[in-house]
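Coordinates in review
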2 protein chains.
Amino acid sequence: MAEKIRVGILGYGNLGKGVECALKQNTDMELVAVFTRRNPEDLKILTQGVPVYNVSDAVAHKDEIDVMILCGGSATDLPKQTPEYVQYFNVIDSFDTHAKIPEHFANVDAAAKASGKVGIISCGWDPGMFSLNRVYASAILPQGKDYTFWGKGVSQGHSDAIRRIEGVLDARQYTIPVDAALDKVRSGANPELTTREKHTRECFVVAEEGADLARIEKEIVTMPNYFADYDTTVNFISMEELKANHSGIPHGGFVIRTGKTGWDEEYNNVIEYSLKLDSNPAFTASVLVAYARAAYRMAAAGQSGCKTVFDVAPAQLCMASGEELRAHML
Amino acid sequence: MAEKIRVGILGYGNLGKGVECALKQNTDMELVAVFTRRNPEDLKILTQGVPVYNVSDAVAHKDEIDVMILCGGSATDLPKQTPEYVQYFNVIDSFDTHAKIPEHFANVDAAAKASGKVGIISCGWDPGMFSLNRVYASAILPQGKDYTFWGKGVSQGHSDAIRRIEGVLDARQYTIPVDAALDKVRSGANPELTTREKHTRECFVVAEEGADLARIEKEIVTMPNYFADYDTTVNFISMEELKANHSGIPHGGFVIRTGKTGWDEEYNNVIEYSLKLDSNPAFTASVLVAYARAAYRMAAAGQSGCKTVFDVAPAQLCMASGEELRAHML
């Protein structure tokens, strides 16, 4: 039996817990430590016998960890953490602020090249698996057009925006792709779709007793950036109903590329990739763990620097050997 | 303007012609020669000003060609051609006899390592894009199950089998996935599906005048390996109707993995990839051309040996730079 890949988790929210669960399914890897900003004694994790440390102790454990999976948020945690920890560890993150990826890449790349470590950023499903599918499809069909649809799924950002409205106790917002738009894309018609045509937004809101529901609804549907450009429906429900029917974090979506082949571009082609996920963070975590295996192998092969999913050969993600993959999966 | 990647085509059937069409869409590549077993003077190609040579002259042009795309068949051409030509060229093939891939890989790898060239085998969509999707999905969801469905599309092998029956002038066979089976898979029920439950076969047959149609139909539906294990329908049509409505070579299919995440595997996930192609050879050719770019780059970076789609990082397939990909596709 080969030595297992020793993994650390930094940050133990939904994503960190998802990584812990995913590691249980990957028998060539083992969780060796969890690092938290909380008091370690207050944190109960699921895996028996694995120590929890304060994040300030992370660097002291650098020789015990092959890959550190960073499970912080993209807004303030990862822009600092990923360049910092790649000085000491091979790292993986799920940085998902698309517009800031080039800057984040440059920061992580400089630190990783200096330390000789590998840092794979923006792993997950968008960015991540969806990005991969955009790249593969556009490489194969240069004459074509990409479409990405999200949902049906819970948007944490939009749910939070509703919660900040006066009189709202709790809320859950679902992003829903419009079937007619999906069908139009699949037809190969190459439609130009507005924001409103692509997705609708459905809100489940628990209001304080006696709150002005009409005002809350109006504040939601007219909220700039978040809702004003969409057809939004608002449903007021009880806290019990919210907890019973809307406590999950499902998500998913579609990446579709339609494109032409043939001398006169006479043939239509549709490439479609879709995800339907009961738990968004658990799936994102599963992607992180597969890329942690790749980071370990790429570092072991002498590579260093910042990488993205575009730079990782698919075989690097797999437990099985190249020989097994060719015999059974090709 | 950087130098273009100089590509040769060896074999000018449907697939070779598809490669020629795909090259037209890839502005960083140029077709420099076509090699044929026919008399070169009898072969008219689509691209103006590109020479056609007899295949026996191929090696003499080795310094003018960066990548040779081998467009022969898997039964007898490629097992010989790919190990032979990788002695002189970086090569790409679409070898699709799944059971013989390990043997083909070993032969190509030995020759490619000796010559210092790169040979990428089994590019296309199955093997190829479907294989990639099986590998990515199983790496992310180790606790799950893969399903591959083919169609709706024309099976050349099954059409040929019908044509060999006495009294048959021409025939076209469509492989069709069963919707109920697809839905059952997508539900996450992890069904065990029989051959009959997954696909049906629909045949359009032109019979000789006065032929015994009942006998032909019986010979088709009871034919071992090809039809006996399927629900098969046979339609007798005129040659005119066959030419008018069944002259295309469409194909496609679905790769679906359902798998579990969560500490107690409490979350379901569905990853689905599908293709809908007006022309099977034109799309396969487009995949070959994208991997030709990768072969050129991998060889330029000093790599050699046999590779498959599992060994090629996605960024290698793209015209755009890593920087552009990260800014716009991630």
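Scope of this entry: the structure provided in the associated data block.

How each quantity is defined
- Residues numbered from 1 in each chain as written.
- Chains lettered and ligands numbered in written order.
- Predicted model: local features only at pLDDT ≥ 70, side-chain atom pairs only at ≥ 80, totals over all residues.
- Heavy atoms only, no water.
- 1 Å grid on protein atoms, 1.4 Å probe; cavity = no way out; pocket = protein on both sides within 12 Å on 5 of 7 lines; lining within 4 Å.
- Points joined across faces, edges and corners; volume = space filled by probe spheres on them.
- Helix = DSSP H or I, 4+ residues; strand = E, 2+ residues; numbered from the N terminus.
- Nonpolar A, V, L, I, M, F, W, Y, C, P; charged D, E, K, R; others polar.
- Phe/Tyr/Trp six-rings, centres within 6.5 Å; stacked < 30°, edge-to-face > 60°.
- Buried < 20%, exposed > 50% of the residue type's maximum accessible area, 1.4 Å probe, protein only.
- Pairing = 2+ DSSP bridges.
- Axes fitted to C-alpha atoms, helices over the stretch in contact; angles between N-to-C directions.
- Contact = heavy atoms within 4.5 Å.
- Buried area = accessible area lost by both parts, 1.4 Å probe.
- Salt bridge = Lys/Arg side-chain N within 4 Å of Asp/Glu carboxyl O.
- Polar contact = N/O pair within 3.5 Å; in protein donor to acceptor, adjacent residues only side chain to side chain.
- Expected span 1.5 Å × (residues − 1).
- Parallel < 35°, antiparallel > 145°, perpendicular 65-115°, else oblique.

1. Quick notes on empty space enclosed by the protein
- Taken as a whole and judged by the stated rule, the model has 2 cavities of 30 Å³ or more.
- A volume near 70 Å³ is recorded for the largest cavity.
- Going through the elements one at a time, helix 4 (129-140) of chain A together with helix 4 (129-140) of chain B are the ones with two or more residues in the lining of the largest cavity.
- Considering every element that reaches the lining of the largest cavity, the biggest residue donor is helix 4 of chain A, with 5 residues.
- Per-class residue counts for the lining of the largest cavity are 9 nonpolar, 2 polar and no charged.
- Its boundaries defined by the atoms lining it, the second largest cavity holds a volume of some 40 Å³.
- What lines the second largest cavity is simply Met129, Asn133 and Tyr273 of chain A together with Asn133, Tyr136, Ala137, Ile140 and Ile271 of chain B.
- When contributions to the lining of the second largest cavity are tallied by element, the ones reaching two or more residues are helix 4 of chain A together with helix 4 of chain B.
- With 4 residues, the top contributor of residues to the lining of the second largest cavity is helix 4 of chain B.
- Of the residues assigned to the lining of the second largest cavity, the class counts are 6 nonpolar, 2 polar and no charged.

2. Digging into the packing of aromatic side chains
All names here are of chain A.
- For the structure shown, the criterion picks out 11 aromatic pairs over all chains.
- Ring centres of tyrosine 85 and phenylalanine 89 lie 6.4 Å apart, and the angle between their planes is 45°; this geometry places the pair in the tilted category. You'll find tyrosine 85 and phenylalanine 89 in the same group, each marked buried.
- In textbook terms, an aromatic cluster arises when at least three aromatic residues are bridged by ring pairs, as seen for Trp125, Phe130 and Tyr273.

3. Looking at the sheet that holds strand 5 (residues 90-92) of chain B
Residues and elements named next belong to chain B.
- With parallel pairing, the 7 strands of this open sheet are ordered in space as 3-2-1-4-5-6-14. In this open sheet, the two strands that pair with only one neighbour each are strand 3 (52-54) and strand 14 (305-307). The sheet shows a mean angle of 25° between the axes of neighbouring strands, direction not considered.
- Relative to strand 2 (residues 29-36), strand 1 (residues 5-10) runs parallel, the two sharing 6 bridges. By the bridge assignment, arginine 6 is partnered in strand 2 with glutamate 30.
- Contacts from helix 1 (residues 14-25) reach strand 1, strand 2 and strand 4 (67-70), with the element oriented near 160° to strand 1.
- Of the strands in this sheet, strand 1, strand 4 and strand 5 touch helix 2 (residues 77-85), which is tilted by about 175° from strand 4.

4. Some points on helix 2 (residues 77-85) of chain A
- Where helix 2 of chain A is concerned, the buried positions are Asp77, Leu78, Gln81, Thr82, Pro83 and Tyr85 of chain A.
- Among the structural elements, strand 1 (5-10), strand 4 (67-70), strand 5 (90-92) and helix 3 (101-115) of chain A are those in contact with the buried residues of helix 2 of chain A.

5. Quick word on the interface of chain B and chain A
- Counting from both sides, the interface comprises 69 residues of chain B and, opposite them, 69 residues of chain A.
- For the pair chain B and chain A, the two sides together bury roughly 6000 Å², of which 66% comes from carbon and sulfur.
- Three residues stand out in chain B for area buried against chain A, namely Gln25, Trp263 and Leu330 of chain B, and they jointly supply 16% of the buried area on that side.
- Linking chain B with chain A are 0 salt bridges.
- The tally of links between chain B and chain A comes to 20 residue pairs in polar contact (both at pLDDT 80 or more).
- Those elements that provide at least two residues to the side of chain B that touches chain A are helix 1, helix 3 (101-115), helix 4, strand 12 (251-261), strand 13 (267-277), helix 10 (280-300) and helix 11 (322-328) of chain B.
- Looking at the side of chain B that touches chain A element by element, the count peaks at 11 residues for strand 13 of chain B.
- Among the residues making up the side of chain B that touches chain A, the classes are represented as 39 nonpolar, 17 polar and 13 charged.

6. What to know about helix 1 (residues 14-25) of chain A
- Between its first and last C-alpha, helix 1 of chain A extends 17 Å over 12 residues, near the 16 Å set by a 1.5 Å rise per residue.
- Most of helix 1 of chain A is tucked away, with 9 of its 12 residues classed as buried.
- Where helix 1 of chain A is buried, its residues touch strand 1, strand 2 (29-36), strand 4 and helix 10 (280-300) of chain A together with strand 12 of chain B.

7. Focus: the packing of helix 4 of chain A against helix 4 of chain B
- Remark: helix 4 of chain A packs on helix 4 of chain B, axes separated minimally by 13 Å, with the N-to-C direction vectors making an angle of 170°. It follows that helix 4 of chain A is roughly antiparallel to helix 4 of chain B by the angle criterion. Between helix 4 of chain A and helix 4 of chain B, the residues in contact are Met129, Leu132, Asn133, Tyr136 and Ile140 of chain A and Met129, Leu132, Asn133, Tyr136 and Ile140 of chain B, respectively.

8. Describing the environment of threonine 195 of chain B
All names here are of chain B.
- Note that threonine 195 resides in helix 7 (residues 195-198).
- As for threonine 195 and aspartate 229, which are separated by 34 residues in sequence, their C-alpha atoms are 6.6 Å apart.
- Setting aside residues no more than four positions away along its own chain, threonine 195 makes contact with Asp229 and Tyr230.

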